[in-house]
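What follows is the residue order along each chain.
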Amino acid sequence: MASHGNDAARDTYESKVPPFYYRPTFSDCQLLREQWIRAKYERQEFTHPDKQEPYSAGYREGFLWKRGRDNGQFLSRKFVLTEREGSLKYFNRNDAKEPKAVMKIEHLNATFQPAKIGHPHGLQVTYLKDNSTRNIFVYHEDGKEIVDWFNALRAARFHYLQVAFPGASDADLVPKLSRNYLKEGYMEKTGPKQTEGFRKRWFTMDDRRLMYFKDPLDAFARGEVFIGSRESGYTVLDGLPPSTQGHHWPHGITIVTPERRFLLACETETEQRAWVEAFRKVVDRPMLPQEYAVEAHFKHKP
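Computed from a predicted structure; not experimentally measured.

Novice: Quick rundown of the overall build of the protein? Include the residues and the values.
Specialist: Summing up its helical and strand segments, the protein has eight helices and 14 strands in all. Here the C-alpha radius of gyration of the protein, 21 Å, is about what a compact globule of 302 residues would show, namely 19 Å. Taken along its principal axes, the extent of the C-alpha atoms in the protein is 65 × 50 × 35 Å. Contacts in the protein between residues far apart in sequence, at least 24 positions, make up 48% of those at least 6 positions apart. For the protein, the computed accessible surface area is about 15800 Å², with 50% contributed by carbon and sulfur atoms. Looking at charge distribution, the protein has the averaged site of its 47 positive side-chain charges lying 5 Å from that of its 41 negative ones.

The following block contains the structure:
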């Protein structure tokens, strides 16, 4: 680096980074930043494309520690990613003929969640099952292995989207490969009649889906709310209606949708401001054509 300068070194060591490979920023977890440096300088994966086979081959299988849905224990499970079938599967037993779950690449997302999962290599994978979000939590003791899995999933998403949107450029597709959540944390909520007491729930804002869980590591959300755009009748208000009762936390938020109002309460003013900012970013963004179809599904949910 001293003799060639930063730009020249980057041109050398990053000359063949695949478009789908995740380039971490300062805000990413330590694992992603460390493995990017090791891949670049130590293993020189981006100067020797033959070293990219673990995440570029279109097929990957191996064992990951997966958190059990009911008891919270992590058990070793076999995972198989097949681009040709457009799916990620996992099996409860090594000799099982049928997978326990089939996750379609089309609806799959992966994001590192070390603090939430309680392991520095913890990865949260979400997918849609009957149009509801399902979470699984996995890790591997080897940092390279779990980052290779992450990039293999991104590669599969990239190749799926190239087929689905043949005219799109790499720059258009790369932001759609995986996404971090806009915001997560505890808030209190009340039911649709707004006469029930407020209950503390873990909330996750994933693009336009606001999901709430009893516990951050639950497999299924207790409920999901679609947050559309201002033009479609969605707004976010500071505070709660004056008649509201039953909330323990003082800092309220009201989300107005075309169907109803959702009343939420935050423990601190800082949290409330952060949530309002996250909601307003979503509401201020015009809806894409495919998002209207998602909104219509939410309206017809029982």
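Novice: Please provide a residue-by-residue account of the pattern of salt bridges, values included.
Specialist: A full pass over the atoms with the stated rule returns 21 salt bridges. Glutamate 14 is the salt-bridge partner of lysine 40, the closest N and O atoms lying 2.7 Å from each other. Residue lysine 40 is located in helix H2 (residues 30–42), and its partner glutamate 14 is located in the loop between helix H1 (6–13) and H2; the two are separated by 26 residues in the primary sequence. Put simply, Asp207, Arg208, Arg285 and Glu291 are held in one network by salt bridges that share partners.

Novice: Describe the environment of valine 225, and please don't skip the residues or the numbers.
Specialist: With respect to the helices and strands, the residue valine 225 is situated in strand E11 (residues 223–226). Placed 20 residues apart in sequence, valine 225 and methionine 205 show a C-alpha to C-alpha distance of 9.5 Å. When residues no more than four places from it in sequence are discounted, the contact partners of valine 225 are Arg208, Arg209, Leu210, Phe262 and Phe298.

Novice: Kindly report on the domain arrangement of the protein, identifying the contributing residues and their values.
Specialist: Taken domain by domain, the protein consists of domain 1 (11–176) and domain 2 (183–300). Look at where the C-alpha atoms of domain 1 and domain 2 centre, and you get two points 29 Å apart. Listed by partner, the interface residues are twelve residues for domain 1 and 13 residues for domain 2. The junction of domain 1 with domain 2 conceals about 1300 Å² of combined surface from both sides, 48% of it contributed by carbon and sulfur atoms. If you sort the residues of domain 1 by the area they bury against domain 2, Lys116, Asn131 and Thr133 come out on top, with a joint share of 44%. Inspection of the region where domain 1 meets domain 2 yields one salt bridge. A salt bridge links glutamate 184 to lysine 116; its shortest N-O distance comes to 2.7 Å.

Novice: Go over the UniProt feature "domain: PH" (unreviewed entry) in the protein, please, and point to the residues and values.
Specialist: Listed under "domain: PH" (unreviewed entry) in the UniProt record, and renumbered for this structure, are residues 57–158 and 180–284. As a span, residues 57–158 carries 20% helix and 45% strand, and end to end its C-alpha atoms are 13 Å apart.

Novice: Tell me about the packing of aromatic side chains, and please be specific about residues and values.
Specialist: Applying the stated criterion across every chain yields a total of 18 aromatic pairs. Between the aromatic rings of tryptophan 36 and phenylalanine 46, the centroid separation amounts to 5.3 Å while the plane-to-plane angle is 35 degrees, which identifies the pairing as tilted. Highlighted residues: tryptophan 36 in helix H2 and phenylalanine 46 in the loop between H2 and helix H3 (53–56), separated in sequence by ten residues. Exposure class is identical for tryptophan 36 and phenylalanine 46. Each is buried. Measuring from ring centre to ring centre gives 6.5 Å for phenylalanine 79 and tryptophan 149, while their planes differ by 70 degrees; the resulting arrangement is edge-to-face. Highlighted residues: phenylalanine 79 in strand E2 (residues 74–82) and tryptophan 149 in helix H5 (residues 143–164), separated in sequence by 70 residues. The pair phenylalanine 79 / tryptophan 149 is uniform in exposure class, with both members buried. Positioned above the aromatic ring of tyrosine 186, the side-chain terminus of lysine 200 is 4.5 Å from the ring centre. The lysine or arginine in question, arginine 260, covers the ring of phenylalanine 262, its NZ or CZ lying 3.8 Å from the ring centre.

Novice: Quick one: what's the story with the pairing of strand E1 (residues 59–67), residue by residue and with numbers?
Specialist: For E1 and E2, the ladder comprises nine bridges, and the chain directions are antiparallel. Following the sheet pairing, tyrosine 59 is matched in E2 by threonine 82. Bridge count between E1 and strand E7 (residues 132–139): two bridges; the pairing is antiparallel. Residue lysine 66 lies in a different strand from E7, and its bridge partner there is valine 138.

Novice: I'd like a description of the sheet that holds strand E8 (residues 183–189), backed by residues and values.
Specialist: The seven strands lie next to each other as E11-E10-E9-E8-E14-E13-E12, forming an open sheet whose pairing is antiparallel. Because the sheet does not close on itself, it has two edges, and the strands there are E11 and strand E12 (235–238). For this sheet, the mean inter-axis angle between neighbouring strands, taken without regard to orientation, is 35 degrees. Relative to E11, strand E10 (residues 209–213) is paired through four bridges, and the arrangement is antiparallel. Directly across from arginine 209, in E11, lies its bridge partner phenylalanine 226.

Rules behind the numbers
- Residues numbered from 1 in each chain as written.
- Predicted model: local features only at pLDDT ≥ 70, side-chain atom pairs only at ≥ 80, totals over all residues.
- Heavy atoms only, no water.
- Helix = DSSP H or I, 4+ residues; strand = E, 2+ residues; numbered from the N terminus.
- Rg over C-alpha atoms; globule rule 2.2 N^0.38 Å.
- Contact = heavy atoms within 4.5 Å.
- Areas by Shrake-Rupley, 256 points an atom, 1.4 Å probe, with all protein chains shown as cover.
- Lys, Arg positive; Asp, Glu negative; His and termini not counted.
- Charge placed at Lys NZ, Arg CZ, Asp CG, Glu CD.
- Salt bridge = Lys/Arg side-chain N within 4 Å of Asp/Glu carboxyl O.
- Domains from an automatic or database assignment.
- Buried area = accessible area lost by both parts, 1.4 Å probe.
- UniProt positions renumbered as here; feature names shortened; annotations may be inferred.
- Phe/Tyr/Trp six-rings, centres within 6.5 Å; stacked < 30°, edge-to-face > 60°.
- Buried < 20%, exposed > 50% of the residue type's maximum accessible area, 1.4 Å probe, protein only.
- Lys NZ or Arg CZ within 6 Å of the ring centre and 35° of its normal.
- Pairing = 2+ DSSP bridges.
- Axes fitted to C-alpha atoms, helices over the stretch in contact; angles between N-to-C directions.

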